[in-house]
Amino acid sequence: MTSIEVVKTKETSAIAIREKVKVAEIPMVMGRMYGELLPHLGKDVQCAGPPFALYHSWEGEIMDMEVGFPIVGKGIEAGKVHTIRLPAVRAAVATHIGPYERLTDTYNTMMEWMKANGHTPASYMWEEYLNSPQEVPPDKLMTRLYWPIL
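Fair warning: this is a prediction, and the values are worked out from it, not measured in the lab.

Q: Can you lay out the overall build of the chain for me, pointing to particular residues and giving the numbers?
A: Scanning the chain for helices and strands turns up two helices and nine strands. Moving toward the C terminus, one meets the helices and strands of the chain in the order β-β-α-β-β-β-β-β-α-β-β. Whereas a compact globule of 150 residues would reach a radius of gyration of roughly 15 Å, the chain reaches 15 Å, a difference of no more than 12%. In terms of overall dimensions, the chain has C-alpha extents of about 45 × 30 × 30 Å along its principal axes. A burial count over the chain gives 42% of its 150 residues as buried. Contacts in the chain between residues far apart in sequence, at least 24 positions, make up 73% of those at least 6 positions apart. When the accessible surface of the chain is split by element, carbon and sulfur atoms take 55% of a total near 8,200 Å². Separation of charge centres in the chain, based on 15 positive and 18 negative side chains, amounts to 5 Å.

Q: Provide a residue-level description of the environment of G31, including the pertinent values.
A: Residue position: G31 is located in helix α1 (residues 26-37). Judged by its relative accessible area of 44%, G31 is partly exposed. On a C-alpha basis, the gap between G31 and V67 in space is 9.6 Å, while along the polypeptide they are 36 residues apart.

Q: Explain the environment of A88 to me, and be specific about the residues and the numbers.
A: For A88, the position within the fold is in the loop between β6 (82-86) and β7 (90-97). Those residues within four positions of A88 in sequence are excluded, and the remaining contacts are K8, T9, K10 and E11.

Q: Mind laying out the nonpolar core, listing which residues take part and the relevant values?
A: M30, Y34, L37, Y55, M65, V67 and M110 are the most contacted members of the largest nonpolar core, which has 31 residues in total. Of all the elements in the fold, those that place two or more residues in this core are β2 (12-22), α1, β4 (52-59), β5 (62-72), β7, α2 (103-116), β8 (125-129) and β9 (142-148). The element that contributes the greatest number of residues to this core is α1, accounting for six residues. Ignoring anything within four residues of it in the chain, the contact list for L37 reads I15, A16, I17, V67, G68, F69 and V81. By size, the runner-up hydrophobic cluster in this structure holds eleven residues, among which are F52, I84, L86 and V89.

Q: Quick one: what's the story with the pattern of salt bridges, residue by residue and with numbers?
A: Tallying each qualifying case throughout the model produces eight salt bridges. Among the salt bridges present, the one from E36 reaches R32, with a minimum N-O distance of 2.8 Å. Linking E36 with R32, this pair stays in helix α1, spanning four residues, or about one helical turn. On the basis of relative accessibility, which here comes to 26%, the residue E36 falls in the partly exposed class. For R32, a relative accessible area of 36% puts it in the partly exposed group. Here E36 ties to K80 by a salt bridge, and the two come within 3.1 Å at their closest N and O atoms. Highlighted residues: E36 in helix α1 and K80 in the loop between β5 and β6, separated in sequence by 44 residues. A cluster of three or more residues bridged by salt bridges with shared partners is formed by E19, R32, E36 and K80.

Here is what the cut-offs are and how they apply
Residues numbered from 1 in each chain as written. Predicted model: local features only at pLDDT ≥ 70, side-chain atom pairs only at ≥ 80, totals over all residues. Heavy atoms only, no water. Helix = DSSP H or I, 4+ residues; strand = E, 2+ residues; numbered from the N terminus. Rg over C-alpha atoms; globule rule 2.2 N^0.38 Å. Buried < 20%, exposed > 50% of the residue type's maximum accessible area, 1.4 Å probe, protein only. Contact = heavy atoms within 4.5 Å. Areas by Shrake-Rupley, 256 points an atom, 1.4 Å probe, with all protein chains shown as cover. Lys, Arg positive; Asp, Glu negative; His and termini not counted. Charge placed at Lys NZ, Arg CZ, Asp CG, Glu CD. Core = buried A, V, L, I, M, F, W, Y, C linked by side-chain atoms within 4.5 Å. Salt bridge = Lys/Arg side-chain N within 4 Å of Asp/Glu carboxyl O.

This is a description of form; function is not addressed.
See below:
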């Protein structure tokens, strides 16, 4: 993990799909959701950054999540695909290096850091996937974590 810093994010347009998913099924469902989004990227909707997953809430074994791609150009509304805006917020940010299965370690470290530094975390957060399991081995995966601060 990299060090934790506080940043101000910029509001960003994105196309996304939102679903409630069983936590154990997140990897499989995310792959399907990205596959449904990819055909919409092209002439009218241009990708403007790494794919992301926005976690709205986690209740028991169910995660309310939205996956997508930041875009330039006009958004779209097509079936489950819709245009959203990632918010402009003050957030704690860290880059997790390693397998996705260890992301909770970085989130726990961020939670401890926020408490130690007098920050209150929001109930939602998002991740940007800076590389892909198809490109690098699990120990080289890089995921940037954004956790808004209230």
